[in-house]
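Chain and residue survey
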Amino acid sequence: AAKLYREFLKKSEAILGKEHPQVLLCLNNLAGCLKRQGRLTKAAKLYREALKKSKEKLGKDHPDTLLCLHNLAYFLHGQQKLAEAEPLYREALQKRRLKLGNQHPDTMNSIYNLADLLKSMKKFEEAEELFREHLAARMAVHGEHHKKPWIPGRIWRDFSRSAEELPSALSSEGQQLLRN
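Attention in this report is confined to the structure presented alongside it. The structure presented is a predicted model; accordingly, all values stated were derived computationally and were not measured.

With that settled, consider the overall build of the protein chain. Within the protein chain, the regular secondary structure consists of 10 helices and 0 strands. Overall, the protein chain shows an N-to-C arrangement of helices and strands of α-α-α-α-α-α-α-α-α-α. When the 180 residues of the protein chain are sorted by exposure, 42% land in the buried category. The contacts in the protein chain between residues at least 6 apart in sequence include a share of 52% that link residues at least 24 apart. Taken as a whole, the protein chain presents about 9900 Å² of accessible surface, with 52% of it coming from carbon and sulfur.

Right under this line is the structure:
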């Protein structure tokens with residue numbers, strides 16, 4: 001797959017130019033492909049390159065730039081570089097809220113991933129608040145039928161994996177959801 005992405009990237013650059021938005025997204029997608037192949041050093045370089053070029057060409061608040069920013073944060077999160085990922089997730093979330101609104105799928109994705117990161121960092125109160133916000137946004141967009149089992153089950157199961165001390169860090173309502 002990486003070979004196909006490289007070929008497509010090369011042809012796209014030749015036709016559209018190296019700074020074209022579609023070329024920048026292809027660069028970001030190639031980084032994701034390399035990440036899945038375990039080629040992490042090269043993936044990190046391409047994520048950073050895609051972000052830098054997107055900021056320069058499209059601006060720091062463009063949705064495609066925010067996708068690159070979020071993807072770099074997600075990559076770093078997966079590499080357990082939590083302190084490096086946190087400000088990137090926060091920036092992506094803040095700008096997505098302003099640009100796209102709280103119920104846009106990309107914003108909801110940023111909310112969930114930042115909550116998951118904070119959970120990993122044992123910042124349980126803020127993580128719970130964001131998980132609840134994510135749940136409310138999902139339910140507002142998709143309706144009540146999404147409430148069970150997928151959303152609470154998945155969120156609270158993910159949330160409960162963090163640490164043995166987690167239940168005492170949750171609100172009483174959060175503790176009740178974990179028991180159900």
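This brings us to the packing of helix α4 (residues 63-78) against helix α5 (residues 82-100). It is at 8 Å that the axes of α4 and α5 come closest, and there the two elements cross at 155°. Taken together, the axis directions place α4 and α5 in an arrangement best described as roughly antiparallel. Note on packing geometry: the crossing formed by α4 with α5 is left-handed. Here Pro63, Leu66, Leu67, Leu69, His70, Leu72, Ala73, Tyr74, Leu76 and His77 of α4 come into contact with α5, specifically with Leu82, Glu84, Ala85, Leu88, Tyr89, Glu91, Ala92, Lys95, Arg96, Lys99 and Leu100. In the contact of α4 with α5, the residues fall into 14 nonpolar, 2 polar and 5 charged.

Right, let's talk about a positive patch on the surface for a bit. A contiguous patch of positive charge, built from Arg6, Arg39, Lys42 and Lys45, is present on the exposed surface. Checked against the element boundaries, Arg39 lands in the loop between α2 (21-36) and α3 (40-58).

Now for the packing of α4 against helix α6 (residues 105-120). Their axes nearest at 11 Å, the elements α4 and α6 cross at an angle of 25°. In terms of orientation, α4 lies roughly parallel with respect to α6. Taken as a pair, α4 and α6 cross one another with a handedness that is left-handed. The segment α4 lies against α6, with His70, Tyr74 and His77 engaging Asn109, Ser110, Asn113, Asp116, Leu117 and Ser120. Considered class by class, the residues forming the contact of α4 with α6 number 2 nonpolar, 6 polar and 1 charged.

Time to look at the pattern of salt bridges. Summed over all chains, the structure comprises 11 salt bridges. Of the charged contacts in the structure, one is a salt bridge between Lys95 and Asp61, with a shortest N-O distance of 3.5 Å. Taken together, the residues Lys95 in helix α5 and Asp61 in the loop between α3 and α4 connect sequence positions 34 residues apart. By relative accessible area, Asp61 is classed as partly exposed at 35%. Between Arg90 and Glu126 there is a salt bridge, with the nearest N and O atoms lying 2.8 Å from each other. In this pair, Arg90 sits in helix α5 while Glu126 sits in helix α7 (residues 124-142), placing the two residues 36 residues apart along the sequence. Exposure remark for Arg90: the relative accessible area of 29% places this residue in the partly exposed category. The structure contains a network of salt bridges with shared partners spanning Glu86, Arg90, Lys123 and Glu126.

Rules and cut-offs
Here, residues in each chain are numbered from 1, in the same order as that chain's written sequence. The predicted nature of this model means local features are confined to residues of pLDDT at least 70 and side-chain atom pairs, given and counted, to a pLDDT of 80 or more, with totals for whole chains, interfaces and linings taken over all residues. Just so you know, side-chain values use all the structure's heavy atoms and leave hydrogens and water out. Strands are runs of DSSP state E lasting at least 2 residues, helices are runs of H or I lasting at least 4, and numbering of each runs from the N terminus. Exposure classes here rest on a 1.4 Å probe applied to the protein chains alone. A residue is buried below 20% of its type maximum, exposed above 50%, and partly exposed in between. The contact criterion used is simple: two residues touch if any of their non-hydrogen atoms lie within 4.5 Å. Surface exposure here means Shrake-Rupley accessible area, sampled with a 1.4 Å probe, where a residue is shielded only by the protein chains that are shown. Axis definition: a line fit to C-alpha positions, over the contact stretch in the case of helices; interaxial angles, taken between N-to-C directions, run 0 to 180 degrees. An angle counts as roughly parallel when it lies under 35 degrees, as roughly antiparallel when it exceeds 145, as roughly perpendicular when it falls between 65 and 115, and as oblique in every other case. For any pair of crossing helices, the crossing counts as left-handed if the nearer helix is rotated counterclockwise from the farther one by less than a right angle, and right-handed if it is rotated clockwise. All residues other than Ala, Val, Leu, Ile, Met, Phe, Trp, Tyr, Cys, Pro, Asp, Glu, Lys and Arg, Gly among them, are scored as polar; the first ten of these are nonpolar and the last four charged. Only residues whose relative accessible area exceeds 30% and that form no salt bridge enter a patch; like-charged residues are grouped when within 9 Å of one another, and nonpolar side chains (Val, Leu, Ile, Met, Phe, Trp, Tyr) when within 5 Å. Salt bridge, as applied in this entry: a Lys or Arg side-chain nitrogen positioned within 4 Å of an Asp or Glu carboxyl oxygen. Asp and Glu are treated as the negative residues and Lys and Arg as the positive ones, with His and the ends of the chain left uncounted. The atoms used to mark charge sites are NZ of Lys, CZ of Arg, CG of Asp and CD of Glu.

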